[in-house]
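The residues making up each chain are set out below.
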Amino acid sequence: MAKEIERKFLVHSDAWRSGAETKSLLKQGYIASMDDRSVRVRVLDNAKARLTVKIGRSAMTREEFEYDIPVADAEQLLDDAIGIIIEKTRYRVPHGGFVWEVDVFAGQHRGLVIAEVEMRSESDNPALPSWIGREVTGDFRYSNQALATEYEHDRHALSHTA
C-alpha cells in the first residue's frame, strides 16, 4: 500500500525557475470524486498515461495507487471526466534534500502556481525555499480534485495570491 505525504503552498515569485531540473506537460481529469477519495486520469507529455486512486481524509497523508494505462484509454476517459480538464506544466525543483514540484496552471486556472513537496513522514520538516508563499495544505479548494470538479461552483473564492 502506497502513501502520499505532501505539503502544498502557493508560490509568490519566479525565483524557482533557475533551479528547475525537468518539466512535464500534464493534462488530467477526474472520473470519480468523493469527499475522501478520487479516481484521476493523467496524460504526461502526450506520451504516457496513469490512472490514480487516492483515498483518505488527512490533510497531509492519503493512500495512493497508480497504474500505467494506454494513452488512448486515458484520452477516452478524459472525454468523460467530471468538471474540467486541468492543464499544467510541472517543474521539478530540488531544494534542501527534497524535490519540490511546481505546477504552473494553464487553461481555466491560468495564473495559479502551486508548489508541493512530498515527504517520507509527516514529521519531516523541509526547509521552505524563498519563493514559497502561503501554505494551503488541507485547503480542499487548492486540491487538483477541487480545481477540476468544483471550478464552476467556487472559482471566485480561489486566491492566486501567495
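Relevant structure appears above.
Since the structure is predicted, the reported quantities are computational estimates derived from the model, not experimental observations.

**Re the side chain of T149**
Its place among the elements puts T149 in helix α2 (residues 144-149). Polar side-chain contacts of T149 include one of 2.7 Å to the backbone oxygen of Q145.

**As for the packing of aromatic side chains**
Applying the stated criterion across every chain yields a total of three aromatic pairs. Measuring from centroid to centroid gives 4.8 Å for W16 and Y91, while their planes differ by 55 degrees, and the two rings are tilted. Placement of W16 in the loop between β1 (3-11) and β2 (22-34) and of Y91 in strand β6 (residues 82-95) is noted, with a sequence separation of 75 residues between them. W16 gets classed as buried once you look at its relative accessible area, which sits at 1%. Summarising the aromatic geometry, the rings of W100 and W131 are spaced 5.9 Å apart at their centres and angled 75 degrees between planes, so their arrangement reads as edge-to-face. With W100 in strand β7 (residues 98-105) and W131 in the loop between β8 (113-118) and β9 (132-135), the pair connects residues that are 31 residues apart, well separated along the chain.

**A closer look at the pattern of salt bridges**
Inspection of every chain in the model, using the stated rule, returns 18 salt bridges. With a closest N to O distance of 2.9 Å, R50 and D68 form a salt bridge. Residue R50 is found in strand β4 (residues 48-55), and its partner D68 is found in strand β5 (residues 61-68); the two are separated by 18 residues along the sequence. Exposure remark for R50: the relative accessible area of 27% places this residue in the partly exposed category. Exposure remark for D68: the relative accessible area of 58% places this residue in the exposed category. Linked through salt bridges whose partners overlap, the residues forming this network are E4, E6, K54, R62 and E64.

**Quick notes on empty space enclosed by the protein**
Scanning the model with the defined rule gives one cavity of 30 Å³ or more in all. Roughly 30 Å³ of volume is contained in the largest cavity. In terms of lining, the largest cavity is formed by I84, I85, I86, E87, F105, A106, G107, Q108 and H109. It is β6 that contributes the most residues to the lining of the largest cavity, four residues altogether. When the residues that make up the lining of the largest cavity are grouped by side-chain class, the tally is five nonpolar, three polar and one charged.

**Looking at the environment of E75**
With respect to the secondary-structure elements, E75 resides in helix α1 (residues 71-79). Placed 44 residues apart in sequence, E75 and M119 show a C-alpha to C-alpha distance of 31 Å. Discounting chain neighbours no more than four positions away, the residues touching E75 are K27 and V43.

**Focus: the nonpolar core**
Most often, soluble globular proteins keep nonpolar side chains buried together rather than apart. Grouped together as the largest cluster of nonpolar side chains are 15 residues, with contacts concentrated most on V11, W16, V93, W100, V102, A115 and W131. Elements that contribute at least two residues to this core include exactly β1, β6, β7 and β8. Of all hydrophobic cores here, the second largest spans 10 residues; its members include I86, F105, I114 and Y142.

**Quick notes on the layout of surface pockets**
Summary: where empty space remains is shown by rolling a probe the size of a single water molecule over the atoms. Considered as a void within the structure, the largest pocket measures approximately 850 Å³ in volume. Together, 41 residues line the largest pocket, and E4, E6, K54, R62 and E116 are the ones closest to its centre. Mapped by element, the contributors of at least two residues to the lining of the largest pocket are β1, β2, β3 (37-44), β4, β5, β6, β8 and α2. Take the lining of the largest pocket: its biggest share by element is five residues, from β3. For the lining of the largest pocket, the residue count by class is eight nonpolar, 11 polar and 22 charged.

About the thresholds
- What you see as residue numbers is a count from 1 along each chain, following the sequence as written.
- For a predicted model such as this one, the threshold for reporting local features is a pLDDT of at least 70, and the threshold for listing and counting side-chain atom pairs is 80 or more; totals across whole chains, interfaces and linings nevertheless cover every residue.
- No hydrogens and no water enter the side-chain calculation; it runs on all heavy atoms of the structure.
- Here a strand is any run of E in DSSP of at least two residues, a helix any run of H or I of at least four, and the numbering for each starts at the N terminus.
- Whenever two N or O atoms come within 3.5 Å, that pair is a polar contact, provided that in protein one can donate a hydrogen and the other can accept it, and provided that, for residues adjacent in sequence, both atoms are side-chain atoms.
- Here a Phe, Tyr or Trp ring, Trp counted by its six-membered ring, pairs with any other such ring whose centre lies within 6.5 Å, and the pair is stacked when the planes are under 30 degrees apart, edge-to-face when over 60, and tilted otherwise.
- Here's how the labels work: a residue is buried when its accessible area is under 20% of the maximum for its type, exposed when over 50%, partly exposed in between, all with a 1.4 Å probe on protein chains only.
- Salt bridges, as used here, are contacts in which a Lys or Arg side-chain nitrogen is within 4 Å of a carboxyl oxygen on Asp or Glu.
- Points on a 1 Å grid, built from protein atoms alone, make a cavity when a 1.4 Å probe fits but cannot get out and make a pocket when they are open with protein on both sides within 12 Å along at least 5 of 7 lines; residues with an atom within 4 Å of a point are the lining residues.
- Grid points are joined across faces, edges and corners, and a volume is the space filled by probe spheres set on the points.
- All residues other than Ala, Val, Leu, Ile, Met, Phe, Trp, Tyr, Cys, Pro, Asp, Glu, Lys and Arg, Gly among them, are scored as polar; the first ten of these are nonpolar and the last four charged.
- In what follows, a contact means two residues having at least one pair of non-hydrogen atoms within 4.5 Å.
- Residue types Ala, Val, Leu, Ile, Met, Phe, Trp, Tyr and Cys, when buried and joined through side-chain atoms within 4.5 Å, form a set referred to as a nonpolar core.

Taken by themselves, the reported measurements are silent on function.
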